[in-house]
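One letter stands for each residue in the lines below.
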Amino acid sequence: MPVVRVLSKVVKQALLAPACGCQPLAVAVRNISFSPRQVTSGSDASFHSVSFSETAHPKVLITGGLGQLGVGLAKLLRKRFGKNNVILSDIRKPPSNVFHSGPFIYSDILDYKNLREIVVNNRITWLVHYSALLSAVGEANVPLARAVNITGLHNILDIAAEHGLRLFVPSTIGAFGPTSPRNPTPDLCVQRPRTIYGVSKVHAELMGEYYHHRYGLDFRCLRYPGIISADSQPGGGTTDYAVQIFHDAVKSGKFECNLKPDTQLPMMYIDDCLRATLEVMEAPAETLSMRTYNINAMSFTPEELAVEVQKQLPDLQVTYNIDHVRQAIADSWPMNFDDINARNDWGWKHDYDLPELVQTMFNFIGSDSRIAQAS
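Treat the numbers as computed from the prediction; the structure is a model and nothing was measured. (Residues numbered from 1 in each chain as written. Predicted model: local features only at pLDDT ≥ 70, side-chain atom pairs only at ≥ 80, totals over all residues. Heavy atoms only, no water.)

Describe the overall build of the protein, naming the residues involved and giving the relevant values.
Helix and strand content of the protein: 15 helices and 13 strands. Every one of the 375 residues in the protein was classed for burial, and the buried ones make up 47%. The contacts in the protein between residues at least 6 apart in sequence include a share of 78% that link residues at least 24 apart. Element-wise, carbon and sulfur atoms account for 54% of the exposed surface of the protein, whose accessible area totals about 18300 Å². (Helix = DSSP H or I, 4+ residues; strand = E, 2+ residues; numbered from the N terminus. Buried < 20%, exposed > 50% of the residue type's maximum accessible area, 1.4 Å probe, protein only. Contact = heavy atoms within 4.5 Å. Areas by Shrake-Rupley, 256 points an atom, 1.4 Å probe, with all protein chains shown as cover.)

Take a look at the structure:
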């Protein structure tokens, strides 16, 4: 024990007395003292935090990366920053084309130690957090949704704050509820969603803003409208009718819609969504007047979409068989997003309106033969 006390005294004196004019090691300790989670392991503390300014390009980690948005964003970011600077991660086995397109790593956001090691070992500077259980799945398994969407988010926030990361977490039109103003829905208003997914997204928005003010975390968030893409099949979501109509139009020439014809919702083509995400991440911090922004491109009803599709395929037959559960959800969501702050602060501007969306979807899905017959 006396030997231990002597060694402890020597080490303490060495830490407090800088040699050769160097700054005391206490400076390094202060650099990480803001972390909201206590460092409990001596070996864990031997990390090197890397700020964005130290690298020519950001080193990006995308959680939940095997979803439609994660794969699409990785492709966009790799073109911008280089293939090896963007790491996709998920708990699922990636398909061959994704695995060979760039770095992929297993990452469970509920495993704090594993996630922390990935950030440290790969010198991550940007973190895009797409891991989440969506609305329908979340309602079927609320405990799991609470764990993934809230506990997982807490792990992400703590690690991002500790290592000085720039963090993006998406939000959604589902973060609003029936008492929110709907047409238009501003950035700041009553939200009060009624699904665990929506509640967890409001929680993410507020926690991100809190960490920004409390710990200086560079947190950025966009509320996505309904996202439309030809690359994925409809998954049964409330806004998925806007994808299903294209597949049914090409396959059978008939489409049955499960929402009322006058149900207006904000929508966006996926390329606009991914570009908006990159643009807000690259925006200078001083241009951001808030941490969470609405973004919008267009708002339309099933009837308006059907009319636009019928300009390409006049023989398309559209009928309506209302799903009352989905209709109730849609009736509680915004009809139109007010995104004036995003447009003013960091220059957001969409490329795709409804006619461009319809033409692009048909180009990808492959309706040449049916359109030719209709012509």
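Following the structure, the description resumes.
So, the pairing of strand 10 (residues 265-269): which residues are in play, and what are the values?
Across the five residues of strand 10, five count as buried, placing the element largely inside the fold. Alternating residues of strand 10 divide into Leu265, Met267 and Tyr269 and Pro266 and Met268, and every residue in both groups is buried. Where strand 8 (residues 226-228) lies against strand 10, three bridges are found, and the strand directions are parallel. The residue bridging isoleucine 227 from the neighbouring strand is methionine 268, located in strand 10. As paired elements, strand 10 and strand 12 (residues 298-300) share three bridges and run antiparallel to each other. Bridge assignment links leucine 265 to a residue of strand 12, and that residue is phenylalanine 300. (Pairing = 2+ DSSP bridges.)

Any details on empty space enclosed by the protein? Residues and values, ideally.
All chains considered together, the criterion is met by two cavities of 30 Å³ or more. A volume near 70 Å³ is recorded for the largest cavity. Taken together, His129, Ser131, Ala132, Asn149, Leu153, Val169, Tyr197, Ser200, Lys201 and Ala204 form the lining of the largest cavity. Counting residues per element, the ones that place at least two in the lining of the largest cavity are helix 7 (142-162) and helix 8 (196-215). Considering each element in turn, the lining of the largest cavity owes the most residues, four residues, to helix 8. Class assignment for the residues of the lining of the largest cavity results in five nonpolar, four polar and one charged. (1 Å grid on protein atoms, 1.4 Å probe; cavity = no way out; pocket = protein on both sides within 12 Å on 5 of 7 lines; lining within 4 Å. Points joined across faces, edges and corners; volume = space filled by probe spheres on them. Nonpolar A, V, L, I, M, F, W, Y, C, P; charged D, E, K, R; others polar.)

A description of the packing of aromatic side chains should follow, citing residues and the corresponding values.
Within the structure shown, the criterion is met by eleven aromatic pairs. Measuring from ring centre to ring centre gives 6.3 Å for phenylalanine 168 and tyrosine 224, while their planes differ by 35 degrees; the resulting arrangement is tilted. Taken as a pair, phenylalanine 168 in strand 5 (residues 166-168) and tyrosine 224 in strand 7 (residues 218-224) lie far apart in primary sequence, 56 residues in all. By relative accessible area, phenylalanine 168 is classed as buried at 0%. Judged by relative accessible area, tyrosine 224 falls into the buried class, the value being 5%. Centroid distance tyrosine 211 to tyrosine 215: 5.0 Å. Interplanar angle 65 degrees. Geometry classified as edge-to-face. With tyrosine 211 and tyrosine 215 both in helix 8, this residue pair falls four residues apart, about one helical turn. Tyrosine 215 matches tyrosine 211 in its accessibility class, with the two residues each being buried. Pairwise contacts between aromatic rings join Tyr130, Phe168 and Tyr224 into one cluster. (Phe/Tyr/Trp six-rings, centres within 6.5 Å; stacked < 30°, edge-to-face > 60°.)

Residues and numbers for helix 9 (residues 241-251), please.
Within helix 9, nine of the eleven residues are buried, which leaves the element mostly enclosed by the surrounding structure. Among the residues making up helix 9, those that are buried are Tyr241, Ala242, Val243, Ile245, Phe246, His247, Asp248, Ala249 and Val250.

Summarise the sheet that holds strand 8; cite the residues concerned and give the values.
Here three strands make up an open sheet; going across it, the order is 8-10-12 and the pairing mixed. Two strands close off the open sheet at either side, each with one partner strand: strand 8 and strand 12. Strand-to-strand twist across the sheet, computed as the mean angle between neighbouring axes with direction ignored, equals 45 degrees. The sheet strands contacting helix 10 (residues 270-282) are strand 8 and strand 10, and the helix crosses strand 10 at an angle near 80 degrees. (Axes fitted to C-alpha atoms, helices over the stretch in contact; angles between N-to-C directions.)

Hey, could you go over helix 8 for me, with residue numbers and the actual values?
Structurally, the α-helix is built with 3.6 residues per turn, so residues lying three or four positions apart point the same way. With 20 residues, helix 8 extends 27 Å between its outermost C-alpha atoms, agreeing within 8% with the 28 Å of an ideal straight helix rising 1.5 Å per residue. The complete set of buried residues in helix 8 reads Ile196, Tyr197, Gly198, Ser200, Lys201, Val202, Ala204, Glu205, Gly208, Tyr211 and Tyr215. Close packing links the buried residues of helix 8 with helix 6 (135-140), helix 7, strand 6 (171-172), strand 7 and strand 11 (292-294). Downstream of helix 8 by a residue or two, glycine 216 has a phi angle that is positive, lying close to 80 degrees. (Expected span 1.5 Å × (residues − 1).)

If you had to explain the nonpolar core to someone new, which residues and values would you point to?
Counting residues in hydrophobic clusters, the biggest one holds 68 residues, and the most contacted among them are Ile62, Phe300, Leu305 and Trp346. In this structure, isoleucine 62 is in contact with Gly70, Leu73, Ala74, Leu77, Val86, Ile87, Leu88, Ser89, Val128 and Tyr130, ignoring residues within four places of it in sequence. Counting residues in each nonpolar core, the second largest holds 28 residues, with Leu127, Ala160, Leu167 and Leu217 among its members. (Core = buried A, V, L, I, M, F, W, Y, C linked by side-chain atoms within 4.5 Å.)

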